[in-house]
Amino acid sequence: MRFALPSFSPILLLICLCTSAGIIATNVADAPNGPAATDFQVHFIDVGTADCIWIHTGDDGIDGNGTLEGYNIIIDGGDAPNFGHVDGYSTAVEYLTKNDRLPVGTTIDWMILTHPHADHCGGLDNFLENYDVLRIVDPGHDPLNVDAVPGTERPNSAYGKFYTAASTERVDGVKSEFISGVANGTDWNWGDELKVRVLHSSTEIMEHDLNNTSIVLSISFTDQPDAPSFLLTGDAEKAAEEWLVSEYGNDLQADVLKAGHHGSESSSTTEFLEAVRPKHIVISSGNQRFSGTLLPSAKSLGRMDEVSGRLSLGTTIWRTDRGDKTPDLVPRGEEAGDDTVIAWVKDEKLSIKYADNTPQPLAYLPTQCQARTQSGAQCTRNRSVSSSYCWQHD
């Protein structure tokens, strides 16, 4: 990703090309109108500093032939609508119901909770209430509160609401399958054309961090050997990444990486990025403080830039906080819903773009805060550098 243009940041220049043209560089098909029904597609829905992914496998219109079955998969459901947090379910459903992508009341074949934090499970109980969900999976860790009461015994907690809804879900009178805990190396059948493998899932906390229980999924194609691959990491942090590198090494390589933990400093380690060698990195984040820290971290973005340049990867970063403004403590307006990223595969070619096709300002540095100040300038993150900084960095 290094260019002979010293006045441009390498990642900046590539992102400018991507957002002005809609599609970028190597092995990317020119499909500006979006995916067709027969295409494998992944929608990284902009739900602020939280995660919600909708996957739709290709559909050939022939039911029961084992391939291109048109399965719908929801991975995480965004946050619950608490003060200062984006309503994950409402934001996701606004996107999903537009153009009848996934109308309320239709079937979700798989629901996956990567780990039991509120910004991932907070909206799933509403999905379970309003959609027919056939199969539900979580990593099997029952989180304790400060009084050591497990989430399954706290029905008003985010995980408690999810667990109650998941364990009682029925479709046409038949109890849905609820899998609490899944073994590493488990393969899931999402159609004969796909290889879907659970690389990591833990019922036990690693390094004192619940994020490291995250289900990590690898998705590739069985009938298209040169087709792009995807690595979806939930909130996996350094300990989980180290385990993945030691277990799989260069087999982790993927074209599209969903960055762990919203691009936090404790995720996207150098060794992990070197093993994955991603062409595209999607960061699900919003312009609001998350446990006291604004994500994504400048340090993790710097590692992405450094590894991409050193290994000549040409990595493009896609952020769901692109150009967000935060006028006060309550997210609103552009805080969520406008920066969903769609990736799809057709004839072994990857296309990827922002769903709304709206380019971001060319001067925006992807390694800085994405907020605009009242003057219209990009936030510098640091008031000692200039007078352009948003309220988050005041």
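Preceding block: the structure.
Quantities reported herein were computed from a predicted structural model and do not represent experimental measurements.

1. With respect to the overall build of the protein
Part 1 of the reasoning: Helix and strand content of the protein: 8 helices and 21 strands.
Part 2 of the reasoning: Evaluated residue by residue, the protein yields a buried proportion of 55% over its 394 residues.
Part 3 of the reasoning: Carbon and sulfur atoms make up 49% of the accessible area of the protein, which amounts to about 16000 Å² in all.

2. Looking at the sheet that holds strand β2 (residues 53-56)
Part 1 of the reasoning: In space, the 8 strands of this open sheet follow the order β10-β7-β5-β3-β2-β1-β20-β21, with mixed pairing throughout. Both outer strands of the open sheet, β10 (177-180) and β21 (349-354), are each paired with one neighbouring strand and no more. Each neighbouring strand pair of the sheet contributes to a mean axis angle of 15°, computed without reference to strand direction.

3. Side note on the packing of aromatic side chains
Part 1 of the reasoning: Under the criterion given, the structure shown has 13 aromatic pairs.
Part 2 of the reasoning: Taking the centre distance of 5.5 Å and the plane angle of 85° together, the rings of F40 and F221 count as edge-to-face. Placement of the pair is F40 in strand β1 (residues 40-44) and F221 in strand β13 (residues 216-221), with a sequence separation of 181 residues.
Part 3 of the reasoning: Owing to a relative accessible area of 3%, F40 belongs among the buried residues under this scheme.
Part 4 of the reasoning: Here W188 and W190 contribute two aromatic rings whose centre-to-centre distance is 6.3 Å and whose plane-to-plane angle is 25°, an arrangement assigned as stacked.
Part 5 of the reasoning: Owing to a relative accessible area of 0%, W190 belongs among the buried residues under this scheme.
Part 6 of the reasoning: Linked through ring pairs, Y159, F162, Y163 and F178 together constitute an aromatic cluster.
Part 7 of the reasoning: Lying over the aromatic face of Y95, R101 brings its terminal NZ or CZ to 3.9 Å of the ring centre.

4. Brief notes about the pairing of strand β7 (residues 135-138)
Part 1 of the reasoning: For strand β5 (residues 110-112) and β7, the ladder comprises 2 bridges, and the chain directions are parallel. If you follow M111 over to β7, its bridge partner there is I136.
Part 2 of the reasoning: Judged from the 4 bridges that link them, β7 and β10 form a sheet pairing that is parallel. Residue pairing for β10: I136 is matched across the bridge by F178.

5. Quick look at the side chain of R319
Part 1 of the reasoning: Residue position: R319 is located in strand β19 (residues 316-319).
Part 2 of the reasoning: A distance of 2.8 Å separates the side chain of R319 from the side chain of D321, its partner in a polar contact.

6. Quick notes on the nonpolar core
Part 1 of the reasoning: Among the nonpolar cores identified, the biggest contains 32 residues, and I55, W188 and W190 are the most heavily contacted of them.
Part 2 of the reasoning: The contacts of W188, once residues within four sequence positions are left out, are W110, I112, V137, V182, V196, V198 and L217.
Part 3 of the reasoning: In terms of nonpolar packing, the next biggest core, distinct from the first, is built from 28 residues, A92, C121, Y131 and W344 among them.

7. Section: the pairing of strand β12 (residues 194-200)
Part 1 of the reasoning: Along β12, 5 of the 7 residues are buried, which leaves the element largely enclosed by surrounding structure.
Part 2 of the reasoning: Of the strand pairs in this sheet, strand β11 (residues 187-188) and β12 are connected by 2 bridges, and their pairing is antiparallel. Its bridge partner being in β12, D187 is matched across the sheet by R197.
Part 3 of the reasoning: Adjacent in sequence and paired antiparallel, β11 and β12 are bridged by 5 residues, among which G191 carries a positive phi angle near 120°.

8. Digging into the environment of S176
Part 1 of the reasoning: Along the chain, S176 turns up in the loop between β9 (174-175) and β10.
Part 2 of the reasoning: Given a relative accessible area of 7%, S176 falls into the buried group.
Part 3 of the reasoning: The spacing of S176 and D132 is 44 residues in sequence and 9.0 Å in space, taken between C-alpha atoms.
Part 4 of the reasoning: Not counting chain neighbours up to four residues away, the residues in contact with S176 comprise V133, L134, I136, E169, R170 and V171.

Reading the values: rules and limits
- Residues numbered from 1 in each chain as written.
- Predicted model: local features only at pLDDT ≥ 70, side-chain atom pairs only at ≥ 80, totals over all residues.
- Heavy atoms only, no water.
- Helix = DSSP H or I, 4+ residues; strand = E, 2+ residues; numbered from the N terminus.
- Buried < 20%, exposed > 50% of the residue type's maximum accessible area, 1.4 Å probe, protein only.
- Areas by Shrake-Rupley, 256 points an atom, 1.4 Å probe, with all protein chains shown as cover.
- Pairing = 2+ DSSP bridges.
- Axes fitted to C-alpha atoms, helices over the stretch in contact; angles between N-to-C directions.
- Phe/Tyr/Trp six-rings, centres within 6.5 Å; stacked < 30°, edge-to-face > 60°.
- Lys NZ or Arg CZ within 6 Å of the ring centre and 35° of its normal.
- Polar contact = N/O pair within 3.5 Å; in protein donor to acceptor, adjacent residues only side chain to side chain.
- Core = buried A, V, L, I, M, F, W, Y, C linked by side-chain atoms within 4.5 Å.
- Contact = heavy atoms within 4.5 Å.

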